[in-house]
Amino acid sequence: MDVHTKANLKMWNRMVPINAKSKMYDVAGFKSGKSSLSPHEIRELRPIVKGKSVLHLQCHFGMDTLSIARLGASKVAGVDFSPVAISLARKLAKQVGLDKRSEFVCSDIYSIPAGFRKKKFDVVYTGGGALFWLKDLERWGRIVSGFLRPGGVLYIKGFHPFSNSFDEEASEPRLRYPYFHRKEPIINKFHGTYSEPGADFESEEHNWSFGMGELVNVLVGAGLTIDYLHEFMTVGYKRFQFLVKGRDDRWGWKDPNAGVPLVFSLRATKQKG
Ligand SMILES: C[S@@+](CC[C@H](N)C(=O)[O-])C[C@H]1O[C@@H](n2cnc3c(N)ncnc32)[C@H](O)[C@@H]1O
């Protein structure tokens, strides 16, 4: 494992317990039946996953994976490199009675065991805040494509790559980070976590920027056809200091006419033959 992945793994292992106790993740609500997916994800995912096998890459501690099972997927599998996250995911699956329909694998995305790599799924899903942890997007595209059966579908819900350029510590929108992909990661130290900004937690994050065009071209290069790319002006939590809370409990721009997308969803299909 390279130094960047090692540093990220150390950070995620420490962050999982904080996220699991946070109001933002609301584990108690999830156990009582609430979905952890956003309303637009539920709308778009339900018809894609009903009766299908779904693989969730970078599944964290499994709430989104298990929420997809609750949308009617026949089987779900989650992969994440954090043993702390995977052990909690397995425990949660048991607690909500979904352990027979779910499987959780602890692995770095770039070294998934060969036995599991042979499996094929109808749907691959990846959620918010996942893609900028990936050092090699092209290789990731090939991994995704390898898991899909012909005609299978990739669904991504993610932070809009343009919004990843904003300074999260500024009180007014200000660009801080590169937009296009660079080989070298952006290394940052933060106090607190996204789920608990006031937590006594020092993080060191190694992220990689990427542009929307780069992502789309990676998928096309991996043999997928883009079905849609939707852009949204709100995000589920106060990701930037300058965002304001709307009536729907989501965070967006003071003046939506002067904003840019904060979240996107993309659906792509693996070509047959
Ligand atoms: C922000 S979380 C994904 C969040 C998910 N949408 C949620 O909120 O539950 C990002 C996840 O990526 C995982 N991750 C980061 N780099 C990884 C890698 N190289 N291989 C596998 N998992 C990785 C982390 O352990 C973490 O659980």
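Scroll up to find the structure this text is about.
Let us look at the structure shown here.

Rules behind the numbers
- Residue positions within a chain follow its written sequence, with the count starting from 1.
- This being a predicted model, a pLDDT of at least 70 is required before a residue's local features are given, and a value of 80 or more before pairs of side-chain atoms are given or counted; all residues contribute to the totals for chains, interfaces and linings.
- The basis for every side-chain value is the complete set of non-hydrogen atoms in the structure, without hydrogens or water.
- Within this scheme, the nonpolar core is defined by two criteria: the residues are buried Ala, Val, Leu, Ile, Met, Phe, Trp, Tyr or Cys, and they are joined through side-chain atoms within 4.5 Å.
- To sort residues, take the accessible area from a 1.4 Å probe on protein chains only and compare it with the maximum for the residue type: under 20% means buried, over 50% means exposed, and anything in between is partly exposed.
- Only heavy atoms enter the contact rule, under which two residues are in contact if any of them lie within 4.5 Å.
- Secondary structure counts use DSSP, requiring at least four H or I residues in a row for a helix and at least two E residues in a row for a strand, with both numbered from the N terminus.
- By this rule the span expected of a helix is its residue count minus one, scaled by 1.5 Å.
- Two axes enter the bend calculation: one fitted to the seven residues ending at the residue in question, the other to the seven starting there, and the bend is the angle between them.
- Polar contact criterion, stated in full: a pair of N or O atoms within 3.5 Å, where within protein one must be able to donate a hydrogen and the other to accept it, and residues adjacent in sequence count only if both atoms are side-chain atoms.
- Two strands qualify as a pair provided that DSSP identifies no fewer than 2 bridges between them.
- By the criterion used throughout, a crossover qualifies as right-handed when its path from the first strand across the helix to the second strand runs clockwise, the strands pointing away from the viewer.
- Whenever a helix is involved, its axis is fitted only over the stretch in contact; in every case the axis is a line through C-alpha atoms, and angles between N-to-C directions fall within 0 to 180 degrees.
- Here a residue is near a molecule or strand as soon as one of its heavy atoms is found within 4 Å of it.
- Values of accessible area rely on a 1.4 Å probe in the Shrake-Rupley scheme; residue burial ignores everything except the protein chains shown.
- By the definition adopted for this analysis, an angle is roughly parallel if under 35 degrees, roughly antiparallel if over 145, roughly perpendicular if from 65 to 115, and oblique otherwise.
- Note on convention: the crossing is left-handed when the near helix lies turned anticlockwise from the far helix by less than a right angle, right-handed when the turn is clockwise.

**So, the nonpolar core**
Phase 1: The biggest cluster of nonpolar side chains holds 52 residues, and the ones touching the most others in it are Leu55, Leu57, Phe116, Trp140, Leu154, Ile156 and Leu215.
Phase 2: Filtering out sequence-adjacent residues up to four positions away, Leu215 remains in contact with Leu131, Leu137, Trp140, Ile156, Phe210 and Phe264.
Phase 3: Residues Ala69, Leu71, Val76 and Ala89 belong to the second largest nonpolar core, which totals 30 residues.

**What to know about unusual backbone geometry**
Phase 1: Unusually for a residue other than glycine, Asp26 sits at a positive phi of about 45 degrees.
Phase 2: Relative to the helices and strands, Asp26 resides in the loop between helix H1 (3-21) and helix H2 (27-31).
Phase 3: With phi around 60 degrees, Gln58 is a residue other than glycine that occupies positive phi space.
Phase 4: Structurally, Gln58 can be placed in the loop between strand S1 (53-57) and helix H4 (63-70).

**A closer look at H1**
Phase 1: Taking 1.5 Å as the rise per residue, H1 with 19 residues should run 27 Å; its terminal C-alpha atoms sit 29 Å apart, in good agreement.
Phase 2: In the structure, H1 departs most strongly from a straight axis at Met15, where the bend amounts to approximately 35 degrees and where the proline Pro17 lies between one and four residues downstream.
Phase 3: In the core, the buried residues of H1 are packed alongside helix H5 (83-95), strand S6 (186-191) and strand S7 (202-207).
Phase 4: You can read the cap of H1 off the contacts: a side-chain oxygen lies 3.0 Å from the backbone nitrogen of His4, and it is on Asp2.

**Notes on the pairing of strand S2 (residues 75-80)**
Phase 1: Along S2, 5 of the 6 residues are buried, which leaves the element largely enclosed by surrounding structure.
Phase 2: The pairing of S1 with S2 spans 5 bridges and is parallel. Considered in S2, the bridge of Leu57 is made with Val79.
Phase 3: The handedness of the S1 to S2 crossover, carried by H4, is right-handed.
Phase 4: Two elements, S2 and strand S3 (residues 102-106), share 5 bridges in a ladder whose sense is parallel. What sits directly across from Gly78, in S3, is Phe104.
Phase 5: Handedness of the crossover joining S2 and S3 through H5 is recorded here as right-handed.

**A closer look at the side chain of Gln58**
Phase 1: There is a polar contact of 2.8 Å between the side chain of Gln58 and the backbone oxygen of Ala130.
Phase 2: Gln58 has contacts with Val79, Asp80, Ile109, Thr126, Ala130, Trp133 and Leu134, leaving out every residue within four places of it along the chain.

**A short note on the pairing of strand S11 (residues 263-270)**
Phase 1: The buried fraction of S11 amounts to 7 of the 8 residues, a majority that puts the element mostly inside the structure.
Phase 2: Sheet topology places strand S5 (residues 148-159) next to S11; 7 bridges connect them, and they run antiparallel. Paired with Tyr155 across the strands is Arg267, a residue of S11.
Phase 3: Relative to S11, strand S8 (residues 224-232) runs antiparallel, the two being bridged by 8 bridges. When the bridges of S11 are listed, Ile226 appears paired with Ala268.

**Topic: the sheet that holds S1**
Phase 1: Read across the sheet, 7 strands follow the order S3-S2-S1-S4-S5-S11-S8 without closing on themselves; strand pairing throughout is mixed. Only two strands of the sheet have a single neighbouring strand rather than two, namely S3 and S8. Neighbouring strand axes in the sheet, compared pairwise and without regard to direction, differ in orientation by 15 degrees on average.
Phase 2: When S1 meets strand S4 (residues 121-126), the two strands line up parallel, connected through 3 bridges.

**Let's talk about the site of the ligand**
Phase 1: Not every one of the 16 residues close to the ligand is listed here, only the nearest: Tyr25, His60, Asp80, Asp108 and Ile109.
Phase 2: In this structure, an oxygen atom belonging to the ligand sits 2.8 Å away from a side-chain N or O atom of Tyr25.
Phase 3: In the environment of the ligand, an oxygen atom lies 2.8 Å from a nitrogen or oxygen atom belonging to the side chain of His60.
Phase 4: Protein coverage of the free-state accessible area of the ligand, which is 600 Å², stands at 93%.

**Concerning the packing of helix H7 (residues 137-147) against helix H8 (residues 212-221)**
A pair of packed helices can be characterised by two numbers: the angle between their axes and the separation between those axes.
Phase 1: One way to put it is that H7 packs onto H8 with a least axis distance of 9 Å and a crossing angle of 40 degrees. By the angle class used here, H7 and H8 are oblique. Judged by the sense of rotation from one axis to the other, the crossing of H7 with H8 is right-handed. Note on element contacts: H8 touches H7 through Leu215, Val218 and Leu219, opposite Leu137, Glu138, Trp140 and Gly141.

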